[in-house]
Amino acid sequence: MSPRLALCAIVLLAIVGGAVAIAWGRSGPERPHWEGHGIKPPDKDFPLPEIVSGYWFRTKETQAIQDDDFNNPGFFAVEQGEELWSKPDGAAGKSCASCHQDAATSMKGVGAAMPKWREALHKPVNLEQQINICRTERMQAEPWKFGSAELTAMTTYVRFQSRGMPVRVRIDGPMAPWFERGKQLYHTRNGQLDLACASCHEKNYGRNLRADFLSQGQSNGFPVYRLRDQRLVPLHERMEGCIFDVRGIPYAPLSDEFLALELYLAWRGTGLPVETPAVRN
Amino acid sequence: MKALGCVVGLAAAVVSPAASQAAPPLPPFSVVVKDGVATIPAPLTSEPGDPKAGATVVVDRQLGNCLSCHEIDVLRGEEFHGDVGPPLNGVAKRWDTATLRMIVVNPKKVFGEDTVMPAFYRVDGLNRVRPEFVGKPILTAQQVEDVVAFLAALK
């Protein structure tokens, strides 16, 4: 065999072998191409080489549902939130609009910067907590329960006013210990399966956990419309689910631990556009 | 090959308030460090491992769920093989049975503390375990032996 013929044979074998390996190696659905869709981290010590929204880890079909506001079922919550915005509730006879007028103006950017430090409480609060602070203190209304349709709808509506704006949270000053706590929790293993957030979402994103295609676990789309649940899911419920699934005892929604974790997650997504209401599977 | 001594008793009691109501600590087994690698040469049970039963454990999502992270070509009848860990095809050519047993029991002893692979026969040193799983390993000793028998046949 001439060297040229041998080379051709090797190349041909490699192509056929590669095709067989691809066909044989993956029995699941075709994987989304998330590479190259990330943004650059703010500095070189950042824990991720690029910051990629969960949007890019989902199929084209799922992306298409999110891309079309008329098709995105998450918009039911946006509409419900809009109605609640101007509906008076509580002893003070006020609605959100009584103080904040038009949400499109007054709430623009608010959701992109939460959780935020509240000096009066000496702790940071997230959007759900701030909404309930307004309800109890300004409106003299009952706080909405975590996970209630009302609280999730209002959270979605307020965060939606920041859609497209980059996530940017303060982690300095009094927020610093909360950031450190969140970072520690992110890297702490839980449960009988002994897995941390980082085990899947830092070390193994872009790989398949059986049928689940692992993303970076970014929070920029929350509350998200989850196709398997057929409803909007707030961030703390999703974190609860992850810890439960590794057979661990989850922290309570709106606990200090989940708040610290929410802060740290937001920082890991620094610069990602808010996508609320995002669609995920 | 000569074992380089260092026999360590494992299976510590669970340090947890629920421990008194939980299953008793795991029966002891011996870890032997051979050529710098932790191994468990002796089977955990007197009943020999059954590779067929092992395949069932490997597939079951509530048990081994090994396909969650590993591709295994002889199990291509099952949908969705993960790729968080390496494929297990030919794994018996890479590790002997004693080391395979150690990896299933507690992979951190072989791959180091950073591995994401769970320890399938361990009840201590875990954090915030749901009460129904406290004191219980992911797999029973017999299931570990069955999985090891299945893996040992992947040549």
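Caption draft 1: Geometry of the pairing of strand S2 (residues 30-34) of chain B. The sheet contact formed by S2 of chain B and strand S3 (residues 37-39) of chain B spans three bridges and is antiparallel. Within S3 of chain B, the residue paired with Val 32 of chain B across the bridge is Thr 39 of chain B.

Caption draft 2: Broad picture of the environment of Pro 107 of chain B. All names here are of chain B. One can find Pro 107 in the loop between helix H3 (97-105) and helix H4 (108-111). Judged by its relative accessible area of 0%, Pro 107 is buried. Separated by 69 residues in the primary sequence, Pro 107 and Ala 38 place their C-alpha atoms 9.4 Å from one another. With near-sequence residues (within four places) excluded, Pro 107 lies in contact with Met 102, Gly 112, Thr 115, Met 117, Pro 118 and Ala 119.

Caption draft 3: Layout of the pattern of salt bridges. As enumerated under the stated definition, the model contains 20 salt bridges over all chains in all. Notably, a salt bridge pairs Arg 170 of chain A with Asp 172 of chain A, separated by 2.9 Å at the nearest N-O pair. What makes Arg 170 of chain A exposed here is its relative accessible area of 57%. Arg 226 of chain A is the partner of Asp 229 of chain A in a salt bridge, and the nearest nitrogen-oxygen pair spans 3.3 Å. In the salt-bridge network here, residues are joined through shared partners; they are Asp 194 of chain A together with Lys 108, Arg 122 and Asp 124 of chain B.

Caption draft 4: Highlighting the packing of helix H10 (residues 235-245) of chain A against helix H11 (residues 256-268) of chain A. All names here are of chain A. Remark: H10 packs on H11, axes separated minimally by 11 Å, with the N-to-C direction vectors making an angle of 105 degrees. Here H10 is positioned roughly perpendicular relative to H11, judged by the angle of their axes. Contact residues: Leu 235, His 236, Met 239, Glu 240 and Ile 243 in H10; Phe 258, Leu 259, Leu 261, Glu 262 and Leu 265 in H11. In the contact of H10 with H11, the residues fall into seven nonpolar, one polar and two charged.

Caption draft 5: Main features of the sheet that holds strand S7 (residues 278-280) of chain A. Residue and element names in this part refer to chain A. Pairing in this open sheet of three strands is mixed, and the strands run S6-S5-S7 from one edge to the other. Strands at the two margins of the open sheet, each flanked by one partner only, are strand S6 (231-233) and S7. Sheet twist, expressed as the average angle between the axes of neighbouring strands with direction ignored, equals 40 degrees. Looking at chain direction, strand S5 (residues 224-226) and S7 are connected through three bridges and run parallel. Within S7, the residue paired with Arg 226 across the bridge is Arg 280.

Thresholds applied
- Residues numbered from 1 in each chain as written.
- Chains lettered and ligands numbered in written order.
- Predicted model: local features only at pLDDT ≥ 70, side-chain atom pairs only at ≥ 80, totals over all residues.
- Heavy atoms only, no water.
- Pairing = 2+ DSSP bridges.
- Helix = DSSP H or I, 4+ residues; strand = E, 2+ residues; numbered from the N terminus.
- Buried < 20%, exposed > 50% of the residue type's maximum accessible area, 1.4 Å probe, protein only.
- Contact = heavy atoms within 4.5 Å.
- Salt bridge = Lys/Arg side-chain N within 4 Å of Asp/Glu carboxyl O.
- Axes fitted to C-alpha atoms, helices over the stretch in contact; angles between N-to-C directions.
- Parallel < 35°, antiparallel > 145°, perpendicular 65-115°, else oblique.
- Nonpolar A, V, L, I, M, F, W, Y, C, P; charged D, E, K, R; others polar.

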